[in-house]
Amino acid sequence: MSYQKVKGTQDFYNVEAKKFRYIEKEIRQVIANYGFEEVITPIFENTDVFVRTSGDTSDIVTKEMYTFLDKGDRSLTLRPEGTASIARCFLENKLYATPGIKKYFYFGPMFRYERPQAGRYREFNQFGVEIYGESSPYLDCEVILSAYKVFNNLGIKKIKLKINTIGDFESRKQYAIALQNYFKNHLDELCDDCKNRYTKNPMRILDCKVDSKKEVLVNAPKISDFLTIEAKEYFKNVIDTLKYLNIPYEIDPNLVRGLDYYTDTVFEFIIDDDNEFKGLAICAGGRYADMIKNFGGPDIPGVGYAFGVERVMNIMTSENLFPSLNNDLDVLIISLDDESKIAALKLADELRDEGMYVEMDYKNNSLKPQFKLADRLNPQYIIIIGESERQTNTYTVKDVQNKQEIKIAKEKIINFIKEKK
Ligand code: AMP
């Protein structure tokens, strides 16, 4: 076979495609009650959109973007995340012009040139929310709660919220200085990327995928010692509210987020079950005070999160959390000559209009292969149409489960099956 899918991408077919859509449907149901409105943005954007918002030292921007020149020499990038695109859309369309906070959600594919491994793909789907307009610990908690509810609704109950604050800008400034002083004497213990982060953005070192377990990181100064009174108060309110809402959490002083725009609350949901997924991050988010301002827009704070649909799907499959996703066949129509096939097609159409799933045989006129088909498809009802049925205008209907068979006038068949169902 000469054609193969690109490394790090996946095909979803049969039950896998149904699982994907099931997750999407459940998410949409939960999220509707929070008032999130969907935003659908293009799959690619001008590269600057991501460089401006994510920051030019982030892993995403420096290593992971699918960036290309189009035929007009424009630098375009397949979106690696949703937040930047939604912010661009919010500004470009002046969605801030009407009063009130704005709650948005998105669902769709993202692209990152990462090393593919279990739960890490180059094309993957994210569901995410963004709220603009207010800076409030209660709003942060509502956002967290909405993710928690989505997971619970999908049956993923053994999860833990890891949460931290990275403070306001003043706290971060002091902390960055402290981190530089600390890492100055440990540079040879850090990976090359972190050596670079040391000068440009030392907080990023704490978020390094390579160094994260090293003692030098574990022992690094903690942001909690550098928080301003306001930042401390804000975080205390978040934690008190989480307690009240009964959301299990753990404060992780080393949790920082890989993107430049975060301030104050940052969080992750991880799997807290004794299985192969233990510790796996399924959702990440936080607050950002000035992303919109940095982007050239008004001074509007935001908060949001994103989670990976494929990871959720893998966990749900492994833990048997999907309901039966079979599309059970209501009716199979067996037809015994060409004219009966046309009658079958017409009847199938009428039954489908009534919301029933109907199949028929398009090729065979004899009974044997059609009953074989019935064995394979396992319909609830079989309708048989042959020459004599057509002439008398009465079709044979078999109730497969109850092993009953009756002849019914053609025009009464739809109501008969509808009532039975
Ligand atoms: P991030 O946008 O990096 O904060 O990631 C948010 C969530 O998206 C993670 O917790 C994962 O569930 C998911 N995710 C991120 N990168 C990938 C990837 N390469 N493949 C699959 N899921 C991913």
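Here the residue numbers are simple positions, counted from 1 along each chain's written sequence. Under the rules for a predicted model, residues below a pLDDT of 70 receive no local features and side-chain atom pairs below 80 are neither given nor counted, while totals for whole chains, interfaces and linings still include all residues. Calculated side-chain values reflect all of the structure's heavy atoms, with hydrogen atoms and water omitted.

## Considering the pattern of salt bridges
- A pairing counts as a salt bridge when a side-chain nitrogen of Lys or Arg comes within 4 Å of a carboxyl oxygen of Asp or Glu. Tallying each qualifying case throughout the model produces 28 salt bridges.
- For Arg-287, the salt bridge goes to Asp-140, with nearest N and O atoms at 2.7 Å. You can see Arg-287 sitting in strand 10 (residues 281-288) and its partner Asp-140 sitting in helix 5 (residues 137-153), a full 147 residues away along the chain. Summarising the burial analysis for this pair, Arg-287 and Asp-140 share the class buried.
- In this structure, Lys-398 engages Glu-405 in a salt bridge whose closest nitrogen and oxygen atoms are separated by 2.7 Å.
- The classification of residues rests on relative accessible area computed with a 1.4 Å probe and restricted to protein chains. Under 20% of the type maximum is buried, over 50% is exposed, and intermediate values are partly exposed. For Lys-398, a relative accessible area of 23% gives the class partly exposed.
- When salt bridges that share partners are traced, they join Arg-21, Glu-24, Arg-28 and Glu-38 into one network. Helix and strand assignments come from DSSP, with helices taken as H or I runs of at least 4 residues and strands as E runs of at least 2, each series counted from the N terminus.

## Here we look at the side chain of Asp-337
- Mapped onto the fold, Asp-337 is located in the loop between strand 12 (331-335) and helix 12 (338-353).
- According to the relative accessible area criterion, Asp-337 is buried, its value standing at 17%.
- Of note is the side chain of Asp-337, whose polar atom sits 2.8 Å from the side chain of Arg-390.
- Contacts of Asp-337, omitting those with residues within four sequence positions, involve Asn-365, Gly-386, Glu-387 and Arg-390. In protein, a polar contact requires one atom able to donate a hydrogen and another able to accept it; more generally it is a pair of N or O atoms within 3.5 Å, and residues adjacent in sequence count only if both atoms are side-chain atoms. What makes two residues a contact is simply this: any of their non-hydrogen atoms within 4.5 Å.

## Notes on the domain arrangement of the protein chain
- Residue ranges labeled as domains rest on an automatic or database domain assignment. The domains assigned to the protein chain are domain 1 (15-168 + 228-318), domain 2 (172-221) and domain 3 (331-420).
- Each partner contributes to the interface: domain 1 provides 19 residues, whereas domain 2 provides 12 residues.
- When domain 1 packs against domain 2, the two sides together hide about 1200 Å² of surface, and 36% of this comes from carbon and sulfur.
- Between the two partners, domain 1 and domain 2, sit one salt bridge. Here the quantity called buried area is the total loss of accessible area, with a 1.4 Å probe, experienced by two parts when brought into contact, counted for both.

## Re the site of the ligand
- Throughout this document, a residue counts as near a molecule or strand when at least one of its heavy atoms sits within 4 Å of that molecule or strand. Residues in contact with the ligand amount to 15 residues; listed here are only the nearest, Arg-112, Glu-114, Tyr-121, Gln-126 and Arg-257.
- Interatomic distance of 2.8 Å between a backbone N/O atom of Tyr-121 and a nitrogen atom of the ligand.
- Separating an oxygen atom of the ligand from a side-chain N or O atom of Gln-126 is a distance of 3.0 Å.
- Computed by Shrake-Rupley with a 1.4 Å probe, the accessible areas treat only the displayed protein chains as cover when residues are assessed. For the ligand, whose free accessible area comes to 490 Å², the fraction covered by protein is 90%.
- Note on residue classes: Ala, Val, Leu, Ile, Met, Phe, Trp, Tyr, Cys and Pro are nonpolar, Asp, Glu, Lys and Arg are charged, and everything else, Gly too, is polar. Of the residues contributing to the shell around the ligand, the split by class is seven nonpolar, three polar and five charged.

## Details of the sheet that holds strand 12
- Pairing between strands is defined by DSSP: at least two bridges between them are needed. The strand order across the open sheet formed by five strands is 13-12-14-15-16, and the pairing between neighbours is mixed. The open sheet has two edge strands, strand 13 (358-360) and strand 16 (404-409), and neither has a second partner. Neighbouring strand axes in the sheet, compared pairwise and without regard to direction, differ in orientation by 25° on average.
- Summarising the sheet, strand 15 (residues 394-399) and strand 16 pair through six bridges and their orientation is antiparallel. The partner of Val-397 across the bridge, within strand 16, is Ile-406.
- Simply put, an axis is a line fit to the C-alpha atoms, just over the touching stretch for a helix, and the angle between two N-to-C directions goes from 0 to 180 degrees. The sheet contacts of helix 12 involve strand 12, strand 13, strand 14 (381-385) and strand 15, and relative to strand 12 the element is tilted by about 165°.
- The strands that helix 15 (residues 413-420) touches are strand 12, strand 14, strand 15 and strand 16; relative to strand 16, the one it contacts most, it runs at about 140°.

## Things to note about the nonpolar core
- Formed by 49 residues in total, the largest nonpolar core has its most connected members in Phe-151, Phe-269 and Tyr-305.
- Among the elements that line this core, the one with the most residues is helix 5, at nine residues.
- Each residue touching Phe-269, except ones within four places of it in the same chain, is listed here: Ile-144, Ala-147, Tyr-148, Phe-151, Ile-159, Lys-160, Leu-161, Leu-280, Ala-281, Ile-282 and Cys-283.
- Counting 48 residues, the second-largest nonpolar core is a separate cluster that includes Val-49, Met-110, Tyr-198 and Tyr-262. Only buried residues count toward a nonpolar core, which is a set of Ala, Val, Leu, Ile, Met, Phe, Trp, Tyr and Cys residues joined through side-chain atoms within 4.5 Å.

## Looking at the pairing of strand 10
- Extensive coverage of strand 10 is indicated by the burial of seven of its eight residues.
- Here strand 10 runs beside strand 11 (residues 302-308); their pairing, made up of six bridges, is antiparallel. Opposite Gly-285, over in strand 11, you have Tyr-305 as the bridge partner.

## Quick look at helix 1 (residues 15-32)
- Helix span, as expected, comes to 1.5 Å for every residue beyond the first. Taking 1.5 Å per residue as the helical rise, helix 1 with its 18 residues ought to reach 26 Å, and the 26 Å between its terminal C-alpha atoms agrees with that figure.
- All of the buried residues along helix 1 are Lys-19, Phe-20, Tyr-22, Ile-23, Glu-24, Glu-26, Ile-27, Val-30 and Ile-31.
- Looking at the buried residues of helix 1, the elements they touch are strand 5 (102-111), strand 6 (123-132), helix 5, strand 11 and helix 11 (309-318).

## Some words on unusual backbone geometry
- A positive phi is found at Asp-73, a non-glycine position, where the angle reads about 65°.
- Within the secondary structure, Asp-73 sits in the loop between strand 3 (66-69) and strand 4 (75-78).
- The backbone of Lys-94 shows a phi angle near 50°, a positive value even though the residue is not glycine.
- Tracing the backbone shows Lys-94 in the loop between helix 4 (83-92) and strand 5.

## Topic: the sheet that holds strand 4
- Taken in spatial order, the three strands line up as 2-4-3 in an open sheet, and their pairing is antiparallel. Here the strands that pair on one side only, and so sit at the sheet edges, are strand 2 (44-46) and strand 3. Ignoring which end each strand starts from, the neighbouring axes of this sheet average 30° apart.
- With four bridges joining them, strand 3 and strand 4 adopt antiparallel strand pairing. For Thr-67, the partnering residue across the bridge sits in strand 4 and is Thr-77.
- On the sheet, helix 2 (residues 47-54) packs against strand 2, strand 3 and strand 4 and is oriented at approximately 75° with respect to strand 2.

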